[in-house]
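Okay, here's what each chain looks like letter by letter:
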Amino acid sequence: MKEEVARYPELRVFRNDAPQPEALYSTDPDLCCYNLKVLPVRWAVEEMEVGCWVTGLRCTEGRTRTDLEEIEERDEGLIKLNPILLWHEREVWQYLALHSVPVNPLYAQGYRSLGCAPCTRISNGPDERAGRWVGTSKCGGECGIHTRPLKQGLQFRGESAGPTG
Ligand code: SF4
């Protein structure tokens, strides 16, 4: 992240620095993801007055992403564009190689879908996201930034809260 911010200084980083319960990722991963991922995205959407965002979501990534569409409006006033929705993993790597795009060095270790350290394993097989939240009910699932409302129920900056969406 620091390398990319140095490369593109116009980038802004939103994060929740509020203290979290010990090992919340193992006791309540949904709440952990809500506090550490969903809330900062909500703050970003609000502070930057985002009306449209572009994602790297793909239908072939795993069981939770098969029904997505290239243009979505799950939150009123927040358009989501998914331009590589129909790409397969192989096409992503072809594009990255052809255009010399820098990638996270963890991919060179065999990771295929990257989340937070405690919740990410190297996976094989057809489901690219099978290494996420291994051993929990969220295995291969979603953190919530693509499934929970982002324009509703905004929390004050720095506040942690339970799931509301
Ligand atoms: S991926 Fe794991 S550590 Fe990261 S926010 Fe979600 S539960 Fe917490």
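To be clear, the structure that these remarks concern was listed above.
All figures in this text were calculated on a predicted structure; none of them were measured in a lab. (Residues numbered from 1 in each chain as written. Predicted model: local features only at pLDDT ≥ 70, side-chain atom pairs only at ≥ 80, totals over all residues. Heavy atoms only, no water.)

K.L.:
Please clarify how a nonpolar patch on the surface should be interpreted in this entry.
P.N.:
A grouping of Trp93, Tyr95, Val101 and Val103 is seen on the molecular surface, where their side chains present a nonpolar patch of about 330 Å² in accessible area. The topology assignment puts Trp93 in helix 4 (residues 89-98). (Patch = residues over 30% accessible without salt bridge, like charges linked within 9 Å, V, L, I, M, F, W, Y side chains within 5 Å. Areas by Shrake-Rupley, 256 points an atom, 1.4 Å probe, with all protein chains shown as cover. Salt bridge = Lys/Arg side-chain N within 4 Å of Asp/Glu carboxyl O. Helix = DSSP H or I, 4+ residues; strand = E, 2+ residues; numbered from the N terminus.)

K.L.:
Would you explain the site of the ligand in this entry?
P.N.:
In the vicinity of the ligand, the contacting residues are Tyr25, Pro29, Cys32, Cys33, Leu36, Lys37, Cys116, Cys119 and Trp133. If you tally residues by element for the shell around the ligand, the top one is helix 3 (residues 29-47), at 5 residues. Classifying every residue of the shell around the ligand by side-chain character gives 8 nonpolar, no polar and 1 charged. (Near = heavy atom within 4 Å. Nonpolar A, V, L, I, M, F, W, Y, C, P; charged D, E, K, R; others polar.)

K.L.:
Just checking my understanding: could you explain the nonpolar core for this structure?
P.N.:
Most often, soluble globular proteins keep nonpolar side chains buried together rather than apart. Counting residues in each nonpolar core, the largest one holds 17 residues, and the members touching the most others are Val45, Leu78 and Leu150. Top element by residues in this core is helix 3. It accounts for 8 residues. Ignoring anything within four residues of it in the chain, the contact list for Leu78 reads Val45, Val50, Gly51, Cys52, Trp53, Glu72, Glu73, Leu150 and Lys151. (Core = buried A, V, L, I, M, F, W, Y, C linked by side-chain atoms within 4.5 Å. Buried < 20%, exposed > 50% of the residue type's maximum accessible area, 1.4 Å probe, protein only. Contact = heavy atoms within 4.5 Å.)

K.L.:
Help me understand the sheet that holds strand 3 (residues 78-81) in this model?
P.N.:
Sheet strands pair via backbone hydrogen bonds, and the direction of the pair is either parallel or antiparallel. One open sheet accounts for 3 strands, arranged 1-3-2; its pairing is mixed. The strands lining the two open edges of the sheet, one partner per strand, are strand 1 (52-54) and strand 2 (71-75). In this sheet, neighbouring strand axes are inclined to one another by 30° on average, regardless of whether the strands run parallel or antiparallel. Alignment of strand 1 against strand 3, held across 3 bridges, turns out to be parallel. Its bridge partner lying in strand 3, Cys52 is registered against Ile79. (Pairing = 2+ DSSP bridges. Axes fitted to C-alpha atoms, helices over the stretch in contact; angles between N-to-C directions.)

K.L.:
Hey, could you run me through unusual backbone geometry in this one?
P.N.:
Across residues other than glycine, the phi torsion is negative in most instances, and most of the peptide bonds are trans. Positioned with a positive phi, Ser100 is a non-glycine residue whose angle comes to about 50°. Tracing the sequence through the fold places Ser100 in the segment after helix 4. A residue is classified by how much of its surface remains accessible, and Ser100, at 62% relative accessible area, is exposed. Located in the positive-phi region is Trp133, a residue other than glycine, with phi close to 55°. With respect to the secondary-structure elements, Trp133 resides in the segment after helix 4. Take Trp133: its relative accessible area is 4%, and that puts it in the buried class.

K.L.:
Please explain the packing of aromatic side chains as it appears in this structure.
P.N.:
Two numbers describe a pair of aromatic rings. These are the distance of the centres and the angle of the planes. Enumeration according to the criterion identifies 2 aromatic pairs in this entry. Taking 5.6 Å as the distance between ring centres and 50° as the angle between the ring planes, the aromatic pair formed by Trp87 and Tyr95 counts as tilted. What makes Tyr95 partly exposed here is its relative accessible area of 41%. Measuring from centroid to centroid gives 5.2 Å for Trp93 and Tyr107, while their planes differ by 80°, and the two rings are edge-to-face. Linking Trp93 in helix 4 with Tyr107 in the segment after helix 4, this pair joins segments that are 14 residues apart in sequence. (Phe/Tyr/Trp six-rings, centres within 6.5 Å; stacked < 30°, edge-to-face > 60°.)

K.L.:
Quick question: what am I supposed to make of the side chain of Glu72 here?
P.N.:
Along the polypeptide, Glu72 turns up in strand 2. Within the local environment of Glu72, its side chain forms a polar contact with the side chain of Arg74, the two groups lying 3.3 Å apart. Excluding residues within four positions of it along the chain, Glu72 makes contact with Leu78, Ile79, Lys80 and Asn82. (Polar contact = N/O pair within 3.5 Å; in protein donor to acceptor, adjacent residues only side chain to side chain.)

K.L.:
I tried to follow the pairing of strand 2 on my own but got confused; where do I start?
P.N.:
Look at any regular strand and the pattern is simple: side chains alternate between the two faces of the sheet. Pairing between strand 2 and strand 3: 3 bridges, direction antiparallel. Its bridge partner being in strand 3, Ile71 is matched across the sheet by Leu81. Hairpin connection of strand 2 to strand 3: 2 residues between the antiparallel strands, including Gly77 at a positive phi of 90°.

Everything listed is a geometric property; what it means functionally is a separate question.
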